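Listed below are the residues making up each chain.
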Amino acid sequence: MISGKKAEWLAIGSVVTGAMHLRKEMPCQDALYLSPPNPNFAIACVADGHGSNSCPYSDEGSTIAVKVAGELLETMLPNLSDHKDVWLPKKLVAMWEDEVRAIHEKKEREMLDPFPYTLYGTTLLAVVATDSFVFALQIGDGNILMIDANGTAKPILAEAENVGEDTESLCLKEAWQYIRTQIIPLSLPSDVPMLMLSTDGYANGFMNNSGFLKAGSDFYKLWQEEGADFINEALPEWLRQSSDRGSGDDIALALITLKSAQTN
Amino acid sequence: MIYALSDGKKLLSKHRIAYKVIRFIASGGQGEVYEVEDKSGQRYALKWYFKHSATKYQQKLIERLIERGAPDERFLWPLDIIISDGLFGYIMRLRPPAYKSIVDLMKRRAEPTFSALCMAGINLADSYQNLHSQGLCYRDISFGNLFFNPADGDVLICDNDNVTVNLDKDSSTHGTPRFIAPEIITGKKLPSTETDLYSMAVLLFYMFMLHHPLEGAIEANIKCFDAKAMEKIYGHDPIFIWDSTNQSNRPIPGYQDNAIIFWHMYPPYLRDMFTQAFTKGLHDGNARIVEKEWKDAFSKLRNSILYCNKCGAENFFNKKPTCWACKSAISPPPRLNIRGQLVMLNANSIIHAHHLYGNFDFVRMIGKVSQHPTQPGKWGITNVTKDNWTFTKPTSDTAVIESGRTAPLVSGAKINFGPTEGTIE
């Protein structure tokens, strides 16, 4: 248990271009946002642009998504619980759409009616950790894991709603309705000392779900033994290896951990 | 995740009933909710407070609420208290899974008919009227504590553990952002029945328009929605999106479409009531719409439902009805004019006790519209009471309509139901 001084969270992570994307000379479609160090909270967001032929600018869509989500979540921190179901998802989608339109106009791309948000289609996952709660948000595929003080990793927000054959995406009409959110109150921050969020390229590199969950537990063990800096430095290479040996897809992965690994 | 109570844990209540924890259900800001079982196998919900919320004040409040009892059965009221290891929680009835939240409604996971929605509005206003008539104040009317059955509009009100007497100074519960009355945000008043009426109007607006009444252009243009911005929109400078004299906060097409589509779908009297609630009623507690007025309005709205002959969509009667969904002209069904109410006589319409007595009893049936068994296309109102009715034709000839018999739908004819008479139009 962490005892004495106030818990301090830290967001670390990395994004790497997948082996397949490098071979095809495609840009990295994944994006990452990590909040700057702050004594009161940490925010991490990852997004996976769809990358298909119908979404040629999805690398920009994912970059906008993580930036907008990171900024919005920070301003909403005091009221996340009250706004998580409707207002926050609506505002997030509206802000993403505004920025997408702005970049579309700035780059003088063809204007169509209705506006083709699909060109920028992306998933989005975000996690916020504070002293008193953890907040998670997700639209589309990808994984969020909560790792407890015993090192057991559990998925949260795992069940996506069925939207027919479409992948859940920020580009969908009324996309806010598909954004899943969850608040987990914490008695003590050390109850959940680590959270992991990753685009689907990471989980797809494992043979099965238990292997993926074990990776979450392994990150926790490493954090206990070596600390967050060690993980942060090694992460790009690990993710590259994971992509090379596995899916070949881009990977964005973030960890939110307590800054101090002192346990008793 | 570590829960405060483990599955199988046994707890003894103040009423000396043993409960066993079955499973964790959910957690909120104040505590966690569990499903528990008593010795007879009856299942209940147990709200167990976090340490920071398990105050002496909260405990006393719960004990007082248990002693007082629920205003009516729609409140999932504290029934019993459990104290253990310096913490405590209370027992309440479980919410059946058929009941959905307003968020489910917003996300279209629950799609009630307008008729069921009107019933939910009537039930909601009626429940709070019962609570308020006891000098109590809910303090936190919002999205999270109302659940409704999309099939029939029945409602359940949860989270009753913050209910106090009016103007209680000791409670720290002032409400949920965006539902709190402006005078509480500006620090001028404490929660009371008056402020509950404001929050209830916001909730009703959400239910019928799927949108917040103050979120228009001003909200759409705010990028940094911090506490200061919220205080301005909902407290210091609130402007109703459909304020007839101030058009600066109109909803933005493409972003706030629900507010536009639904507003124009409803009849003027309902729009006028919402306008009063969010113009004069924003600043003057006495100008707020009271529960009885909402109940009357939603009863009237329910009576006026008719169906598009082409696409079947529910619409509301007016002199020249046009379907909001397919834009076709609608040929209205016959109507029953009774006690100043105009009740559409659709193929599925029912005359309830409310139509005769004005008592909001939409359970007891008096008559139902039915088709002639051998002559399709010929409709009438079947007497489902034990008493006889008197049917008077436009020619002044009369006939007795016994229990189980049907009065034909003849324009200009009158039906005397006993306590009152109605005319078919």
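Note that the structure is predicted; figures quoted are calculated from it, not measured. (Residues numbered from 1 in each chain as written. Chains lettered and ligands numbered in written order. Predicted model: local features only at pLDDT ≥ 70, side-chain atom pairs only at ≥ 80, totals over all residues.)

Caption draft 1: Fine view of the sheet that holds strand β7 (residues 153–155) of chain A. All names here are of chain A. Strand order in the open sheet formed by five strands is β1-β10-β9-β6-β7, with antiparallel pairing between adjacent strands. Strand pairing shows two members of the sheet lacking a second neighbour, β1 (9–16) and β7, which therefore form its edges. Direction aside, neighbouring strands of the sheet carry axes that sit 20° apart on average. Strand direction decides the pairing type here: strand β6 (residues 143–147) and strand β9 (residues 194–198), joined by five bridges, are antiparallel. Its bridge partner lying in β9, isoleucine 147 is registered against methionine 194. The sheet strands contacting helix α6 (residues 209–226) are β6, β7, β9 and β10 (251–258), and the helix crosses β9 at an angle near 135°. Of the strands in this sheet, β1 and β10 are in contact with helix α7 (residues 228–245), which crosses β1 at around 25°. (Pairing = 2+ DSSP bridges. Helix = DSSP H or I, 4+ residues; strand = E, 2+ residues; numbered from the N terminus. Axes fitted to C-alpha atoms, helices over the stretch in contact; angles between N-to-C directions. Contact = placed C-beta atoms within 7 Å.)

Caption draft 2: Main features of helix α1 (residues 56–68) of chain B. Residues and elements named next belong to chain B. Between its terminal C-alpha atoms α1 stretches 18 Å, which fits the 18 Å expected from 13 residues at 1.5 Å a residue. Looking only at α1, the buried set comprises Gln58, Leu61, Ile62 and Leu65. When α1 is viewed along its axis, its buried side chains cluster within an angular range of 100° and face the same direction. Every exposed residue of α1 that faces more than 90 degrees away from the buried side is listed here: Lys56, Lys60 and Glu67. Elements that come into contact with the buried residues of α1 comprise β4 (43–49), β5 (80–84), β6 (87–92) and β11 (164–165). One or two residues past the end of α1 sits glycine 69, with phi positive at roughly 85°. (Expected span 1.5 Å × (residues − 1). Buried ≥ 20, exposed ≤ 12 C-beta atoms within 10 Å, placed from the backbone. Arc of directions from axis to C-beta.)

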